[in-house]
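# Understanding the architecture of this molecule
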Amino acid sequence: MSIITIHCRLTAPEAVRRHLWYLMTERNTPLINDLLKQVSQHPEFETWQRQGTIPVKTIRNICKPLREQYPGQPGRFYASANLMVAYTYESWLAHQKKRRLRLDGKQRWLDIVKSDKELMELSSTTLEVIQAKATEILSHPNCDQRSSFMKRRGKSEKESGTRKIGSLNLMSRLFKSYDVIEDPLNRCAIVYLLKNGGTIPDTPEDPEQYAHRIHRKRKEIEQLEQQLLARLPKGRDLTGEEFLETLAIASQQLPESVTQQKEWQAKLLTRPASLPYPIIYGSSVDLRWGTTEKGRITVNFSGMDKFLKAVDFDLKEWFKSNQDYPFQVYCDQRQLTYFRRFLTDWQSYQASKDTYPAGLMTLCSAMLGWRKGQSKGKPTKEPWTINHLVLYCSFDTQLMSAEGTLQVQQKKLTKASKGLPSKTLEQGFTAEQIKSHRRVASTMTKLKNIPSRPSRKPYSGNSDILVGLSIGLAEPVTVAIVNGYTGTVLTYRTPQTLLGKQYKLLNRQRQRQRQNSLKRHKNQQRGITNQPTESELGEYVDRLLAKSIIQLAQKYQAGSIVIPNVKGLRELLDSEIMAKAEQHCPGAVEVQQAYARNYRQTIHRWSYNRFIKAIHSKAQQLGISIEAGFQPAQGSAKDKAKDIAIAAYHSRAIAIK
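Every chain begins its residue count from 1, and numbering advances along the sequence as written. Thresholds applied to this predicted model are a pLDDT of at least 70 for local features of residues and 80 or more for the giving and counting of side-chain atom pairs; totals over whole chains, interfaces and linings are not thresholded and use all residues. Neither water nor hydrogens contribute to the side-chain values; these are computed over all heavy atoms in the structure.

## Remarks on the overall build of the chain
Filter applied, for reference: Numbering goes from the N terminus for both helices and strands, where a helix is a DSSP run of H or I of at least four residues and a strand is a run of E of at least two. Here's how the labels work: a residue is buried when its accessible area is under 20% of the maximum for its type, exposed when over 50%, partly exposed in between, all with a 1.4 Å probe on protein chains only. Residue contacts are defined here by distance: any two heavy atoms, one from each residue, within 4.5 Å place the two residues in contact. Only the protein chains shown count as cover for residues, and all accessible areas are computed by the Shrake-Rupley method using a 1.4 Å probe.
Within the chain one finds 26 helices and 12 strands. By the burial criterion, 40% of the 657 residues in the chain qualify as buried. If you take every contact in the chain between residues at least 6 apart in sequence, the share linking residues at least 24 apart comes to 74%. Carbon and sulfur atoms provide 50% of the accessible area of the chain, an area that totals close to 37,500 Å².

See below:
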């Protein structure tokens, strides 16, 4: 399933825009702000932080008493506020959970590791004995995580040197073994491996470097602890009251702590929000589509017209002559096809509500918001005339074709059938259970009526042809088209050949990154929280690269695309930087560190997660399968792309056996 989002501009009479602006700024956004605050003050908030999620039912219960403080809103607006708070905290808690897991892991590592001298004292042996025991542990089948393709390339132990032979799985196994094993020698050998990243170093340990490493690890823990104390989501201050209150307090008294000083500084330097929160419509039937006499697509939202009629007499008269469709859709030609599909689905649904499956409508969800406009030298204009109404629509690309709709239908039928009870209605069902049973049965009956959709031949590639991707420093991505059966490479592609004439955009992004890096450094010195970004340009370049990779896969009829696992990517790239530093500056540690620091400043800072998501989205639209593989630490970018594809091909054979 691939969900994509398109948007369009909506036009409406000024009275409609005025009332909508009032609802969203004076009612809905303050409601969301209070909800965010009360959720953070809930007694179970710390438990939710550990779990990384907040029950939506709890948010609804908190919202019920707040309805009296912010009355006069359509029911969908209250539901949207609950969803917005749930989504906001879901994202915030996900980051907090990752930070806490990293903090626990670093703290556990720090509690376990010991210097070589301490290990010898604990085990009452020599360092050679500990190393021998560590080598024995590594030779165990469960700990040998070397990739099979490295053996096929003929690399021996001596050639790989002190390269990390263990993946993150090896480290987790070592941690688990440490908790179980009680023998001092085995525990010390495990600590020795954990301290050295699963390797046996060739040189003795330097006490100063060990002390520096422990100190650096403690600093990392302190930094994560500060991040865990990050400010909670506080909503959008449209009135500027929070800024004025903070300014009054800061001008009359001194901060009690550095944390309070940073909090005041963040509030005073943060750019105030000017647009309200959008309204989320989580159902496809919440939007009603139509057309004007001239064929312009129009839309209205469930429950909104009733409220507008009730509060304004002029709008009530206007609705009588405009058939309850106040918003007209304005979009470009590329997106017009999708909005016409939404209109067709709605008309079919209206013609047969009892039999048409709403779950197979193309539109999944929508969001109504505002986009900031330009006053053009007229600051006295009202905000609902300066800013523009925007509608964001999300839909499943599978539902655009008859074949994809059939696949979605089968998935929904399977999911709905699990909700049917095994007992019959005569075997003691409650009234609520009978109602739920009938609802599920009705849904399954409707799902059997597939809407008419255009046919599109599904993509079928050669399973022996794979597209291998490697990510690196000098080049964000390198592509290799590989025949897994023969092990031969059909072609290679670099970003320059993938982008062609658009390669200048990549250079432009790198230039902006260098400029913004300097600006961010200056802003941090001044305490400014708003930082420049080049995310829009980077996202566009990601899409261009993803599109070229998909076209390349289609050209060679590739059966799948193999993407490297980005988990542990930072360590992989850091090791590559240090390898370059050691190659250019052998022997001098300080010079190597300076070279690595300068090298990090010159190379690009690429968002690999965003780039991989773009590939996932485009591949799913065509039905090209995605595989994940482990990218080797050594070799050129082309060799890595080839190796990851061959490793994925051979892992299939192992899985089949």
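## Digging into the sheet that holds strand β2 (residues 279–281)
Basically, it comes down to this: Here, a strand pair is defined by DSSP locating no fewer than two bridges between the strands. In this analysis an axis means a line fitted to C-alpha atoms, helices contributing only their contacting stretch, and an angle means the value between N-to-C directions, from 0 to 180 degrees.
Across the sheet, which stays open at both edges, the 7 strands sit in the order β2-β6-β7-β1-β5-β4-β3 with antiparallel pairing between neighbours. Each end of this open sheet is capped by a strand with a single partner; those strands are β2 and β3 (287–291). The mean inter-strand angle of the sheet, taken between neighbouring strand axes irrespective of direction, is 30 degrees. Two strands pair when backbone bridges link them, and strand β1 (residues 3–11) and strand β7 (residues 388–396) are joined in this way by 8 bridges, in the antiparallel orientation. Note that in β7 the partner of I3 across the bridge is D396. Its contacts with the sheet put helix α1 (residues 14–40) on β2, β5 (327–330), β6 (363–371) and β7, and the angle it makes with β6 is roughly 95 degrees.

## Describing the sheet that holds strand β8 (residues 462–470)
On the basis of which strands lie adjacent, the open sheet formed by 5 strands has the order β10-β9-β8-β11-β12 and mixed pairing. The two strands at the open ends of the sheet, each matched to only one other strand, are β10 (488–493) and β12 (625–629). Averaged over all pairs of adjacent strands, the angle between strand axes in this sheet comes to 25 degrees, irrespective of strand direction. Bridging between strand β11 (residues 558–564) and β12 involves 5 bridges; their strand directions are parallel. Bridge pairing links S560 to S625 in β12.

## Re the nonpolar core
Put simply, the test is: In this description, a nonpolar core means a group of buried Ala, Val, Leu, Ile, Met, Phe, Trp, Tyr and Cys residues linked to one another through side-chain atoms lying within 4.5 Å.
If you look at the biggest cluster of nonpolar residues, it comprises 41 residues, and the most contacted ones within it are L10, W289, F301, F327 and L391. Per element, the largest residue contribution to this core is 6 residues, and it comes from helix α16 (residues 333–351).

## What to know about the packing of aromatic side chains
Put simply, the rule reads: Classification of ring pairs uses Phe, Tyr and Trp, with its six-membered ring standing for Trp, and accepts pairs whose centres are within 6.5 Å; under 30 degrees between planes counts as stacked, over 60 as edge-to-face, and the remaining range as tilted.
Scanning the entire structure with this criterion turns up 13 aromatic pairs. Seen in terms of ring centroids, W21 and W370 are 5.0 Å apart; in terms of plane orientation they differ by 85 degrees. Their pairing is edge-to-face. In this pair, W21 is assigned in helix α1 and W370 in strand β6, connecting sequence segments 349 residues apart. With relative accessibility at 10%, the residue W21 sits in the buried group. Here W346 and Y349 contribute two aromatic rings whose centre-to-centre distance is 5.6 Å and whose plane-to-plane angle is 35 degrees, an arrangement assigned as tilted. Pair noted here: W346 and Y349 are both in helix α16, with a separation of 3 residues, about one helical turn. Y349 gets classed as buried once you look at its relative accessible area, which sits at 14%.

## Regarding the pattern of salt bridges
Inclusion rule: For this document, the term salt bridge refers to a Lys or Arg side-chain nitrogen within 4 Å of an Asp or Glu carboxyl oxygen.
Taken as a whole and assessed by the stated rule, the structure comprises 12 salt bridges. Linking K219 and E222 is a salt bridge whose minimum nitrogen-to-oxygen distance equals 3.8 Å. Placement of both K219 and E222 in helix α11 (residues 207–228) is noted, with a separation of 3 residues, approximately one turn of the helix. According to the relative accessible area criterion, K219 is partly exposed, its value standing at 42%. Of the residues examined, E222 reaches a relative accessible area of 38% and is grouped as partly exposed. Across the pair E539 and R543 runs a salt bridge, and its minimum N-O distance is 2.9 Å.

## Quick look at unusual backbone geometry
A positive phi angle is found at S124, which is not glycine, with a value near 60 degrees. Along the chain, the position of S124 falls in the loop between α5 (116–123) and α6 (127–138). The class for S124 is exposed, based on a relative accessible area of 66%.

## Here's the deal with a positive patch on the surface
Worth spelling out the cut-off: Only residues whose relative accessible area exceeds 30% and that form no salt bridge are eligible for patches; like-charged ones are grouped when within 9 Å, while nonpolar side chains (Val, Leu, Ile, Met, Phe, Trp, Tyr) are grouped when within 5 Å. For the charge count, each Lys or Arg is scored as positive and each Asp or Glu as negative, with His and the chain ends excluded. Here the site of a charge means NZ on Lys, CZ on Arg, CG on Asp, or CD on Glu.
A contiguous patch of positive charge, built from K57, R60, K64 and R67, is present on the exposed surface. For R60, the position within the fold is in helix α3 (residues 56–66). Of the residues examined, R60 reaches a relative accessible area of 46% and is grouped as partly exposed.

## So, the environment of Y178
Relative to the elements of secondary structure, Y178 occurs in helix α9 (residues 168–180). Measuring from C-alpha to C-alpha, the distance between Y178 and A189 comes to 9.5 Å, with 11 residues separating the pair along the chain. The contact partners of Y178, leaving out residues within four places of it in the chain, are I112, R187, I190 and V191.

## A short note on the pairing of β10
Bridge analysis of strand β9 (residues 478–483) against β10 gives 5 bridges, and the strand direction is antiparallel. Opposite V482, over in β10, you have V489 as the bridge partner. In textbook terms, the turn of a hairpin is the stretch between consecutive antiparallel strands, and for β9 and β10 this stretch comprises 4 residues, one of which, G487, has a positive phi near 80 degrees.

## Let's talk about the packing of helix α18 (residues 402–417) against helix α19 (residues 431–447)
Going by this rule: In what follows, roughly perpendicular refers to angles from 65 to 115 degrees, roughly parallel to angles under 35, roughly antiparallel to angles over 145, and oblique to any angle outside these ranges. If you view the pair so one helix is near and one far, a crossing is left-handed when the near helix is turned anticlockwise from the far one by less than a right angle, and right-handed when it is turned clockwise. Each residue gets one label: Ala, Val, Leu, Ile, Met, Phe, Trp, Tyr, Cys and Pro are nonpolar, Asp, Glu, Lys and Arg are charged, and the others, such as Gly, are polar.
Look at α18 against α19: their axes get within 10 Å of each other, and the N-to-C directions meet at 160 degrees. In terms of their interaxial angle, α18 and α19 are classed as roughly antiparallel. At the point where α18 passes α19, the crossing takes the left-handed sense. Only V440, M444 and L447 of α19 make contact with α18, whose side of the interface consists of Q409, K412, L413, A416 and S417. Its residues assigned to classes, the contact of α18 with α19 comprises 5 nonpolar, 2 polar and 1 charged.

## Thoughts on the confidence of the model for the chain
As a reminder of what qualifies: Every residue is assigned a pLDDT by the predictor, reflecting its confidence on a scale from 0 to 100.
For the chain, the mean per-residue pLDDT works out to 81, and 83% of the residues sit at or above 70. At the level of individual helices and strands, the chain shows its lowest average pLDDT in helix α7 (residues 148–152), which scores 33, and its highest in β2, which scores 94. Ignoring residues within four places in sequence, the model shows residues 144–167, a span with pLDDT below 50, making 35 contacts including any to other chains.

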